[in-house]
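Residue strings, one per chain:
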Amino acid sequence: LPRPPWRVKAITVVLGDEVLGIGGVCFPKSGLPLAFVEQSKDAKRYPVVFHKAGLAAMAMIRELGLSRVAAMTDADNETAVRWLRRLGFVAAEAKHQTIPGKVIYLWERKGDVS
């Protein structure tokens, strides 16, 4: 079998037998690792659980030894923007904001010179 185009390390949020969300980091064949989260409609009822899952994902990113990770959200999603900032992501330089309607954020390990 050919190697899949992406590898993923993820955390799943489960309530009973229902998956409320999944998130983590994916590794494309080229380019930066990408942080991601996909949530069900019911996920908004559990903000503390998802914040803790986000913190766990960030700990996983650090444990993996990653020095830089990208994330993207809809430009008008203020909740996601606040959450990314709270997790340590900062808006990418304007030259990297090339997807209409989306905002790209970067996280960098403090102390890295890359």
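Preceding block: the structure.
Residues numbered from 1 in each chain as written. Predicted model: local features only at pLDDT ≥ 70, side-chain atom pairs only at ≥ 80, totals over all residues. Heavy atoms only, no water.

### A closer look at the environment of Leu15
- Note that Leu15 resides in strand S1 (residues 6-15).
- Under the relative-accessibility criterion, Leu15 is labelled partly exposed at 41%.
- The spacing of Leu15 and Val25 is 10 residues in sequence and 22 Å in space, taken between C-alpha atoms.
- Residue contacts for Leu15: discarding those within four places in its chain leaves Leu20 and Tyr46. (Helix = DSSP H or I, 4+ residues; strand = E, 2+ residues; numbered from the N terminus. Buried < 20%, exposed > 50% of the residue type's maximum accessible area, 1.4 Å probe, protein only. Contact = heavy atoms within 4.5 Å.)

### Regarding helix H2 (residues 78-86)
- Of all the residues in H2, the buried ones are Ala80, Val81 and Leu84. The buried residues of H2 occupy an angular sector of 100° when the element is viewed end-on, so they sit on one face. Residues of H2 that are exposed and point more than 90 degrees away from the buried face comprise Glu78, Thr79, Arg85 and Arg86. (Arc of directions from axis to C-beta.)

### Overview of the nonpolar core
- Counting 16 residues, the largest nonpolar core has Val25, Ile61, Val69 and Phe89 as its most contacted members.
- Among the elements of the structure, strand S2 (18-28), helix H1 (47-63), strand S4 (68-74), H2 and strand S6 (102-108) are those that each provide at least two residues to this core.
- With residues up to four places along the chain from it excluded, the contact list for Val69 reads Val25, Pro33, Leu34, Ala35, Ile61, Phe89, Tyr105, Leu106 and Trp107.
- Counting residues in hydrophobic clusters, the runner-up holds 5 residues, among them Val13, Ala43, Phe50 and Ala53. (Core = buried A, V, L, I, M, F, W, Y, C linked by side-chain atoms within 4.5 Å.)

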